[in-house]
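Spelled out from the first residue to the last, the chains are:
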Amino acid sequence: LTSAGEQLAAFRTQDGQAYVVDAYCPHLGANLAAGGRVVGNCIECPFHGWQFRGEDGKCTRIPYAEKVPDFARVRTWQSCEVNGMLLVWYHCEGVGPTWAVPEQREIATKEWVFRGQTEHLVDAHIQEIPENAADTAHLAFLHGPAILGGSDLRYTRSKLWDFMKHIWKAEWRPEPEPNEHCSRLLVQHTATVFGKHLSLMDLTVSARQVGPGLVFLIFEHAFLGHGIILQTVTPLEPLLQNVVHKIYYQKNVPAIIPKFILRAECIQFERDITIWNNKQYLPKPLLVREDASIQKHRRWYAQFYSEKSTRLPVQKEGLDW
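Residues numbered from 1 in each chain as written. Predicted model: local features only at pLDDT ≥ 70, side-chain atom pairs only at ≥ 80, totals over all residues. Heavy atoms only, no water.

### Side note on the overall build of the protein
Step number 1: Along the protein, the regular secondary structure elements total five helices and 18 strands.
Step number 2: Each principal axis of the C-alpha atoms in the protein carries an extent, and together these give about 80 × 60 × 40 Å.
Step number 3: Residues counted as buried form 42% of the 321 residues belonging to the protein.
Step number 4: Counted over contacts in the protein with a minimum sequence separation of 6, partners at least 24 positions apart contribute 50%.
Step number 5: Of the roughly 18600 Å² of accessible surface on the protein, a fraction of 56% belongs to carbon and sulfur atoms.
Step number 6: Computed over 34 positive and 35 negative side-chain charges, the separation of the two mean positions in the protein equals 4 Å. (Helix = DSSP H or I, 4+ residues; strand = E, 2+ residues; numbered from the N terminus. Buried < 20%, exposed > 50% of the residue type's maximum accessible area, 1.4 Å probe, protein only. Contact = heavy atoms within 4.5 Å. Areas by Shrake-Rupley, 256 points an atom, 1.4 Å probe, with all protein chains shown as cover. Lys, Arg positive; Asp, Glu negative; His and termini not counted. Charge placed at Lys NZ, Arg CZ, Asp CG, Glu CD.)

Laid out in structure tokens, this is it:
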């Protein structure tokens, strides 16, 4: 895996436990994930057969050596398996986990089952994606035109699809202690066709952001039941994010329903991607009074940066491109 500028190897031991370690063997730098194998509770290097314990990274066996040095170990990363995902804690200054990822009960009990996922690469500052939640003004303008118009912004406002409109009411707020690392966005969605309210499209979405890159989007529909989209934003490089959406839905609801919801969400998300891929991050944006929640979101999100957080190289000379 490539994540947050690190090369990692993830493996499951024979007793079923998942671990994440640095990808490169400290012996001569071979990639443990390219040809390596699991032996008991260790990962074995494909180059010389050194075996490293997943729990603490300690080398437990060197096939041709009489003694394994105490300092022979590979770096381990704290991780957890929750909601069908393997999540790794990353802190650039080595601080351990300060909060846990909540388990979604319906996924754990299998009341809600996996119904598909989408994956996108986004060329943007990591903060742009969650900041969308606080930018309620863009909902009407960018996401108001019918999903039938697709995600190409040249055609979404076409007169052809003008008969249908999406109407959004949204409110974003941070959560109080001890969950100050979380925030909530409440969204009410309605739709009109030829100006008439279409009740079948009424949808309530509660989006809970947990930390900088995980969102729980819970859907409630009067007829079509309940489900969740799990959104993960994983930085690969400073301006490259991997965004995955996984949908879990009531197993007694036909699979076509959650697949339609995921498709609709994907179209709307791809409208945002066109903006993100072509915009720049402005540290001092020109805001009006109605944009107050964006500034509030920036203050809340600042907690996820530290002194050594990766930044783009600063142009020291005065030679701007």
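Let's pick the thread back up.
### Considerations on the pattern of salt bridges
Step number 1: A complete count under the given rule lists twelve salt bridges for this structure.
Step number 2: Two residues, Glu-175 and Arg-184, come together in a salt bridge whose shortest N-O distance is 3.2 Å.
Step number 3: Accessibility expressed as a relative area gives 27% for Arg-184, which makes it partly exposed.
Step number 4: Here Arg-289 ties to Glu-290 by a salt bridge, and the two come within 3.9 Å at their closest N and O atoms. Across this residue pair, the class does not change: Arg-289 and Glu-290 are exposed.
Step number 5: When salt bridges with common partners are traced through the structure, they connect Arg-105, Glu-106 and Glu-111 into a single cluster. (Salt bridge = Lys/Arg side-chain N within 4 Å of Asp/Glu carboxyl O.)

### A look at the domain arrangement of the protein
Step number 1: Taken as a whole, the protein is organised into domain 1 (2-77) and domain 2 (105-300).
Step number 2: For domain 1 and domain 2, the distance between their C-alpha centroids amounts to 39 Å. (Domains from an automatic or database assignment.)

### Observations concerning the packing of aromatic side chains
The geometry of two aromatic rings is summed up by the distance between their centres and the angle between their planes.
Step number 1: In the structure shown here, the tally under the stated rule is twelve aromatic pairs.
Step number 2: Ring plane angle 10 degrees and centroid distance 5.9 Å describe the contact between Trp-77 and Tyr-90, whose orientation is recorded as stacked. Note that Trp-77 is positioned in strand β8 (residues 76-77) and Tyr-90 in the loop between β10 (85-88) and α1 (105-108), a separation of 13 residues in sequence.
Step number 3: Ring geometry for Phe-269 and Trp-276: centres 5.3 Å apart, planes at 65 degrees, overall edge-to-face.
Step number 4: Note on Phe-269: relative accessible area 4%, which makes it buried.
Step number 5: Classification of Trp-276 by relative accessible area gives buried; the value is 4%. (Phe/Tyr/Trp six-rings, centres within 6.5 Å; stacked < 30°, edge-to-face > 60°.)

### Looking at the environment of Val-88
Step number 1: If you trace the backbone, Val-88 turns up in strand β10.
Step number 2: The exposure class of Val-88 is partly exposed, given its relative accessible area of 33%.
Step number 3: For the pair formed by Val-88 and Trp-77, sequence separation is eleven residues and the distance between their alpha carbons is 6.7 Å.

### Some words on the pairing of strand β2 (residues 6-12)
Step number 1: Sheet topology note: the strand β1 (residues 2-3)/β2 ladder contains two bridges and is antiparallel. Bridge assignment links Ser-3 to a residue of β2, and that residue is Glu-6.
Step number 2: Joining the antiparallel neighbours β2 and strand β3 (residues 18-22) is a turn of five residues, in which Gly-16 adopts a positive phi near 95 degrees. (Pairing = 2+ DSSP bridges.)

### Details of the side chain of His-189
Step number 1: Looking at the element boundaries, His-189 is found in strand β13 (residues 182-193).
Step number 2: Within the structure, the side chain of His-189 is placed 2.9 Å from the side chain of His-166, a separation counted as a polar contact.
Step number 3: If we ignore the near neighbours within four places in the chain, the residues touching His-189 are His-166, Ile-167, Trp-168, Met-201, Asp-202 and Leu-203. (Polar contact = N/O pair within 3.5 Å; in protein donor to acceptor, adjacent residues only side chain to side chain.)

### Quick word on helix α5 (residues 292-301)
Step number 1: Restricting attention to buried positions, one finds in α5 the residues Ser-293, Ile-294, His-297, Arg-298, Trp-300 and Tyr-301. Axial view of α5: buried residues confined to an arc of 160 degrees, hence all on one face. (Arc of directions from axis to C-beta.)

### Some points on the sheet that holds β1
Step number 1: Read across the open sheet, the four strands follow the order β1-β2-β3-β8; overall the sheet is antiparallel. The sheet is open, and its two edges are formed by β1 and β8, each paired on a single side.
Step number 2: Note that β3 and β8 share two bridges and pair antiparallel. Paired with Val-20 across the strands is Trp-77, a residue of β8.

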